[in-house]
Amino acid sequence: MECVFGLVGNGFAIVAADTSAVHSILLHKNNEDKIMVLDSHKLVAASGEPGDRVQFTEYVQKNVSLYKFRNGIPLTTAAAANFTRGELATALRKNPYSVNILMAGYDNESGASLYYIDYIATLHKVDKGAFGYGSYFSLSTMDRHYRSDMTVEEAIELVDQCILEIRSRLVVAPPNFVIKIVDKDGARDYAWRQTVQDVTTAAV
């Protein structure tokens, strides 16, 4: 029931994800951040089994940091995406990860980019992409309204349209979303779209 989607605009990339931690019919929390800051100019938005999602994205993050520590230069977004794809492919015939990834990044030479990596180690560079049941609505909305020369404001408006469609059409739609952006100034939180606050139950 997860919803992860992203797009590339004019000099930036934006990714959005729901923030629901769900198991079976139970909603455990409403503020689970599923978008990891990989390094200063890369984001990884992931969906899938919670254990695989957290463990694998942390594994990729630490290996990207290790490469920079050893070599003195960071991996490009394309190199990080290919490393991630290679690790998924290696694990596929041993102990596969049930995780789908959208990797967004910004490089000085090539600008902003977005990579689609699924659980069977398929890798594609895309202008827009999505995973989960929300993709049925977000992909069609982006197909209709997406332009490669969009400004940040226009892209955020499109992201909000996608969130509205998911909330309106999906029978088990997640209530809250987090939006993050990466551009020449780095990777950072942009906004949270919340309709339900996380409630802490008092001890009896």
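You'll find the structure just up there.
On a predicted model such as this, the values are computed, not experimentally measured, just so you know.

K.L.:
Lay out the packing of aromatic side chains in plain terms, naming residues and giving numbers.
P.N.:
Applying the stated criterion across every chain yields a total of four aromatic pairs. Taken together through their ring pairs, the aromatic side chains of Phe56, Tyr59 and Tyr97 make up a single cluster.

K.L.:
An account of the packing of helix 1 (residues 50–71) against helix 2 (residues 77–92) is requested, with residue identities and associated values reported.
P.N.:
Close contact between helix 1 and helix 2 brings their axes to 11 Å; oriented N to C, the two are set at 130°. Comparing their axes, helix 2 and helix 1 come out oblique. In the packing of helix 1 onto helix 2, the handedness of the crossing is right-handed. Where helix 1 approaches helix 2, its residues Phe56, Tyr59, Val60, Asn63 and Val64 are matched on the opposing element by Ala80, Phe83, Thr84, Glu87 and Leu88. Looking at side-chain class alone, the contact of helix 1 with helix 2 contains seven nonpolar, two polar and one charged residues.

K.L.:
Could you give an account of the sheet that holds strand 12 (residues 186–193), naming the residues involved and the relevant values?
P.N.:
Taking strand neighbours across the sheet as the criterion, the five strands line up as 10-1-2-11-12 in an open arrangement whose pairing is antiparallel. Across the chains shown, the open sheet's two edge strands, defined by having one partner strand only, are strand 10 (128–132) and strand 12. Going across the sheet, the axis of each strand differs from the next one's by a mean of 15°, ignoring polarity. In the sheet, strand 1 (residues 3–8) pairs with strand 2 (residues 12–18) via five bridges, with the strands oriented antiparallel. Pairing of Phe5 across the sheet is with Ala16, part of strand 2. Contacts from helix 3 (residues 135–145) reach strand 1 and strand 10, with the element oriented near 165° to strand 10.

K.L.:
Pulling in residues and values, what's your account of the pattern of salt bridges?
P.N.:
Applying the stated criterion across every chain yields a total of 15 salt bridges. Of the charged contacts, one joins Arg53 and Glu2 as a salt bridge, the two residues approaching to 4.0 Å between their closest N and O atoms. Of this pair, Arg53 sits in helix 1 while Glu2 is found in the segment before strand 1, placing the two residues 51 residues apart along the sequence. The partner of Arg147 in a salt bridge is Asp149, with the nearest N and O atoms 3.0 Å apart. For Asp149, a relative accessible area of 45% puts it in the partly exposed group.

K.L.:
Requested: an account of the pairing of strand 1, with residues and values cited.
P.N.:
With six of its six residues buried, strand 1 lies for the most part within the structure. Residue alternation in strand 1 divides its side chains into two sets, Cys3, Phe5 and Leu7 and Val4, Gly6 and Val8, and both sets are buried. With five bridges joining them, strand 1 and strand 10 adopt antiparallel strand pairing. Paired with Gly6 across the strands is Gly129, a residue of strand 10. Taken together, strand 1 and the strand that follows it, strand 2, pair antiparallel across an intervening segment of three residues, in which Gly11 is found at a positive phi of about 90°.

K.L.:
If you had to explain the layout of surface pockets to someone new, which residues and values would you point to?
P.N.:
Each pocket or cavity is described by its volume, and for the largest pocket that value is around 620 Å³. Lining the largest pocket we find 30 residues, and of these Met1, Glu2, Ser20, Val22 and His23 sit closest to its centre. Elements that contribute at least two residues to the lining of the largest pocket include exactly strand 3 (21–23), strand 4 (26–29), strand 6 (42–48), helix 1 and strand 7 (99–107). Looking at side-chain class alone, the lining of the largest pocket contains 15 nonpolar, nine polar and six charged residues. Taken as a whole, the second largest pocket holds about 230 Å³ of empty space.

K.L.:
Can you lay out the sheet that holds strand 5 (residues 35–39) for me, pointing to particular residues and giving the numbers?
P.N.:
Across the sheet, five strands lie side by side as 5-6-7-8-9; this open sheet has antiparallel pairing. In this open sheet, the two strands that pair with only one neighbour each are strand 5 and strand 9 (123–126). If you compare each strand with its neighbour and ignore which way they point, the axes differ by 25° on average. As defined by bridge partners, strand 6 adjoins strand 7 across seven bridges and the pair is classed as antiparallel. Looking at the pairing, Ala46 lines up with Ile101 of strand 7. Sheet strands touched by helix 1: strand 5, strand 6 and strand 7. Its angle to strand 5, the strand with the most contacts, is close to 15°. Strands in contact with helix 2 are strand 5, strand 6, strand 7, strand 8 (111–117) and strand 9; relative to strand 7, the strand with the most contacts, it is inclined by about 160°.

Quick notes on the rules
Residues numbered from 1 in each chain as written. Predicted model: local features only at pLDDT ≥ 70, side-chain atom pairs only at ≥ 80, totals over all residues. Heavy atoms only, no water. Phe/Tyr/Trp six-rings, centres within 6.5 Å; stacked < 30°, edge-to-face > 60°. Axes fitted to C-alpha atoms, helices over the stretch in contact; angles between N-to-C directions. Helix = DSSP H or I, 4+ residues; strand = E, 2+ residues; numbered from the N terminus. Parallel < 35°, antiparallel > 145°, perpendicular 65-115°, else oblique. Left-handed = near helix turned anticlockwise from the far one by under 90°. Contact = heavy atoms within 4.5 Å. Nonpolar A, V, L, I, M, F, W, Y, C, P; charged D, E, K, R; others polar. Pairing = 2+ DSSP bridges. Salt bridge = Lys/Arg side-chain N within 4 Å of Asp/Glu carboxyl O. Buried < 20%, exposed > 50% of the residue type's maximum accessible area, 1.4 Å probe, protein only. 1 Å grid on protein atoms, 1.4 Å probe; cavity = no way out; pocket = protein on both sides within 12 Å on 5 of 7 lines; lining within 4 Å. Points joined across faces, edges and corners; volume = space filled by probe spheres on them.

In short, geometric facts, not functional conclusions.
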